[in-house]
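Residues per chain, in single letters:
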Amino acid sequence: MKIGPHTLANAVFVAPMAGVTDRPFRQLCRQLGAGYAVSEMVTSRRDLWNTLKTSRRANHDGEPGPIAVQIAGTDAAMMAEAAAYNVDRGAQIIDINMGCPAKKVCSKWAGSALMQDEPLAIAIAQAVVQACEPHGVPVTLKMRTGWAQTHKNAVALARAFESCGIQMLTVHGRTREQGYGGFAEYETIREVKNAVRIPVVANGDITTPEKAREVLAYTHADAVMIGRAAQGRPWIFREIAHFLDTGTHLAPPLVAEVRKLLLEHLQDHYALYGEYTGVRTARKHIGWYVNRLPGGVQFRATMNGIEESGEQLRAVATFFEELQLHTDRMPAHKAEHHIEEEAVELNA
């Protein structure tokens with residue numbers, strides 16, 4: 001699969017997630033089999049470009065290409081300027097955020113709120129494409145199925161975006177109204193794929209290799225994008241890629257491998273955020289890793305009281321060393337029951 005001049009390693013992608021897909025996490029996911037990763041969204045507001053938060057989000061040191069930066073905003077000219085700014089700083093692909101359902105984003109009419117204003121959404125796409133075209137930088141776009149159940153306009157917008165020069169579309173199978181509740185639906189994604197010639201990526205509730213295969217078969221999408229299922233389980237990318245290639249499952253990772261990966265991830269995390277912020281923001285990642293492990297709930301409670309990186313590293317190392325005394329491999333992942341039921345319905 002290609003985005004502009006860039007050939008991607010496979011068709012299993014990391015979804016951009018604010019507060020999660022920073023550079024250390026993206027690099028980890030790429031290391032563990034993801035074919036493509038997009039940054040956390042970067043604001044189009046010029047007055048915030050030099051803030052610590054934005055500079056961290058725009059950090060791509062040592063990251064394998066293509067470097068993809070997601071931008072968010074509500075003004076076509078500002079979005080074009082933000083695209084050019086990030087291209088000047090190394091972005092090789094620009095992604096437009098029209099999928100974020102967060103209230104603090106949508107209240108400013110950014111993210112998926114833009115799907116309510118089709119002329120503005122199209123104007124933003126046109127402006128960003130025009131800003132990137134002279135540099136040979138392709139523009140992609142992530143959106144939802146629509147604003148609400150009664151306002152699903154993804155197909156109409158997809159056609160318009162393709163006409164503007166957007167080179168890939170990712171569709172999360174929920175409306176803005178749903179947030180992350182209920183089930184993702186894939187019929188709209190299939191309709192979008194049938195309506196355009198550019199690559200289409202399916203996103204939403206893809207938690208297992210079997211679900212990835214079912215969604216690809218149903219929608220005819222060109223790739224899948226994994227978000228929340230990768231939290232605490234970044235090896236999901238190699239599991240899905242292997243299953244799509246061979247039809248067979250990889251064994252769960254060794255506990256020793258996960259221990260090493262997490263400790264290296266934490267050190268990279270501290271290097272980006274510093275001691276104080278790094279220790280605190282690392283807690284969520286650690287919590288996701290241990291959540292379903294024996295003693296994980298108690299360990300999370302202990303972890304939340306640790307305020308020094310060295311102590312945090314030692315505690316994590318000890319937890320996984322003790323786990324390794326009882327099992328060589330991580331427990332096999334089991335999808336939530338409702339996801340399995342929904343997957344059966346997908347094939348019906």
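Quick notes on the rules
Residues numbered from 1 in each chain as written. Predicted model: local features only at pLDDT ≥ 70, side-chain atom pairs only at ≥ 80, totals over all residues. Heavy atoms only, no water. Buried < 20%, exposed > 50% of the residue type's maximum accessible area, 1.4 Å probe, protein only. Helix = DSSP H or I, 4+ residues; strand = E, 2+ residues; numbered from the N terminus. Pairing = 2+ DSSP bridges. Right-handed = clockwise from strand over helix to strand, strands pointing away. pLDDT = per-residue confidence, 0-100. Contact = heavy atoms within 4.5 Å.

### Here's the deal with the pairing of strand E5 (residues 68–72)
Taking burial as the measure, the five residues of E5 include five buried ones, the bulk of the element. Here E5 shows no split at all, with Ala 68, Gln 70 and Ala 72 on one side and Val 69 and Ile 71 on the other all buried. As judged from the four bridges shared by strand E4 (residues 36–43) and E5, these two strands associate in the parallel manner. If you follow Val 42 over to E5, its bridge partner there is Ile 71. In this structure, E5 lies alongside strand E6 (residues 93–98), joined through four bridges in parallel fashion. Along E6, the bridge assignment pairs Gln 70 with Asp 95. In this fold, E5 hands off to helix H3 (residues 76–88), which returns the chain to E6; that crossover is right-handed.

### Quick notes on the confidence of the model for the protein chain
Confidence in the prediction for the protein chain averages 90 pLDDT; 92% of positions are at 70 or higher. Counted against residues more than four places away or in other chains, residues 336–348, with its pLDDT under 50, gives 18 contacts.

### As for helix H8 (residues 209–219)
Looking only at H8, the buried set comprises Pro 209, Lys 211, Ala 212, Glu 214, Val 215, Leu 216 and Thr 219. His 220 lies just past H8 and shows a positive phi near 65°.

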